[in-house]
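Spelled out from the first residue to the last, the chains are:
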Amino acid sequence: MASDTQSVARTERNAPRAQARATQTAGVAAKRTTAGARWVVPAKIAVFIAAWYPLARIVLFGMTDRLGANPIEFITRSTGLWTLVFLCITLAVTPLRRLTGVAAFVRFRRMLGLYAFFYATLHFTTYLWFDKWFDVAEIIKDIGKRPFITVGFAAFVLLIALAATSPRAMVRKLGRRWQTLHRAIYVIGALAILHFWWMKAGKHDLILPKIYGAIMLALLGWRLIVWLRARSLKPR
């Protein structure tokens, strides 16, 4: 009985110390988290500014008469290529986070995805306005006639859906359906490569489509491997 009383007394004496240690540990962890996240804001600002480079380049080339003999084609090709670049970078965020363990990389994904949509919009607008002059009948005919236009248009429609549901309010509203919907980016990536490949195949110039196709295949293949591994570990 006496030993029980002494044990209780020791526990009561040690309780404030344990609580103080726990508080100190939590404070240190919070400081580390804050310190680790300090780089995110300036990095996001830098990425935001850098992402305007493709458009600034087009404007500069236009002002200095360096868009070539076919300015419309130059703008269309440039905006289309940068759409693909931003799609690849957006899809690279999750593998980069998993491989490095830096969770803060996820905070760049929405901005990068919106820039992909931004350049896709410029790409489509150039085609719609300067190439077809808003001739709806001609555009519909082109979509049905040329396969690379068809898959490109399909990819753009899916991108519109993802951009429209990217705000945090839509994330909360859609709940689990948001994640299901945004898996469409995998389909968009595949369609973008197919669009690029078929467009370049007509000119027998497949160097860039092969490079970006390999990058996209690696990014989507990595996800498939992770998904298959997670599924195999689930209890049956």
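Notes on the structure in this doc start here. (Residues numbered from 1 in each chain as written. Predicted model: local features only at pLDDT ≥ 70, side-chain atom pairs only at ≥ 80, totals over all residues. Heavy atoms only, no water.)

## Quick look at helix H6 (residues 136-145)
- If you check which residues of H6 are buried, you get Ile-139, Asp-142 and Ile-143. Seen along its axis, H6 keeps its buried residues to an arc of 100°; they face one direction. In H6, the exposed positions that point more than 90 degrees away from the buried face belong to Ala-137, Ile-140, Lys-141, Gly-144 and Lys-145. (Buried < 20%, exposed > 50% of the residue type's maximum accessible area, 1.4 Å probe, protein only. Helix = DSSP H or I, 4+ residues; strand = E, 2+ residues; numbered from the N terminus. Arc of directions from axis to C-beta.)

## What about the packing of aromatic side chains?
- The final tally for this structure, using the stated rule, is 20 aromatic pairs.
- For the pair Trp-82 and Phe-86, a centre-to-centre distance of 6.2 Å together with 45° between the ring planes defines the contact as tilted. Within this pair, Trp-82 and its partner Phe-86 are both found in helix H4 (residues 71-100), separated by four residues, close to a single helical turn.
- We classify Trp-82 as partly exposed; its relative accessible area is 25%. (Phe/Tyr/Trp six-rings, centres within 6.5 Å; stacked < 30°, edge-to-face > 60°.)

## Comments concerning the nonpolar core
- Among the nonpolar cores identified, the biggest contains 40 residues, and Leu-84, Phe-86, Leu-87, Tyr-115, Ile-188, Tyr-212 and Met-216 are the most heavily contacted of them.
- Elements represented by at least two residues in this core include exactly H4, helix H5 (109-131), H6, helix H7 (147-164), helix H10 (184-201) and helix H11 (207-233).
- The element contributing the most residues to this core is H5, with nine residues.
- Filtering out sequence-adjacent residues up to four positions away, Leu-87 remains in contact with Ala-116, Ile-185, Ile-188 and Ala-192. (Core = buried A, V, L, I, M, F, W, Y, C linked by side-chain atoms within 4.5 Å. Contact = heavy atoms within 4.5 Å.)

## What to know about the layout of surface pockets
- Computed from the structure, the largest pocket encloses a volume of approximately 1,200 Å³.
- In terms of lining residues, the largest pocket is bounded by 35 residues, among which Thr-94, Arg-109, Trp-178, His-182 and Tyr-186 are the most central.
- Mapped onto the lining of the largest pocket, the elements with two or more residues apiece are H4, H5, H7, helix H8 (168-174), helix H9 (176-182), H10 and H11.
- Looking at the lining of the largest pocket residue by residue, the class counts come to 19 nonpolar, six polar and ten charged.
- Estimated volume of the second largest pocket: approximately 820 Å³.
- Taken together, 32 residues form the lining of the second largest pocket, with Thr-76, His-123, Phe-148, His-195 and Met-199 sitting closest to its centre.
- Elements with a contribution of two residues or more to the lining of the second largest pocket: H4, H5, H7 and H10. (1 Å grid on protein atoms, 1.4 Å probe; cavity = no way out; pocket = protein on both sides within 12 Å on 5 of 7 lines; lining within 4 Å. Points joined across faces, edges and corners; volume = space filled by probe spheres on them. Nonpolar A, V, L, I, M, F, W, Y, C, P; charged D, E, K, R; others polar.)

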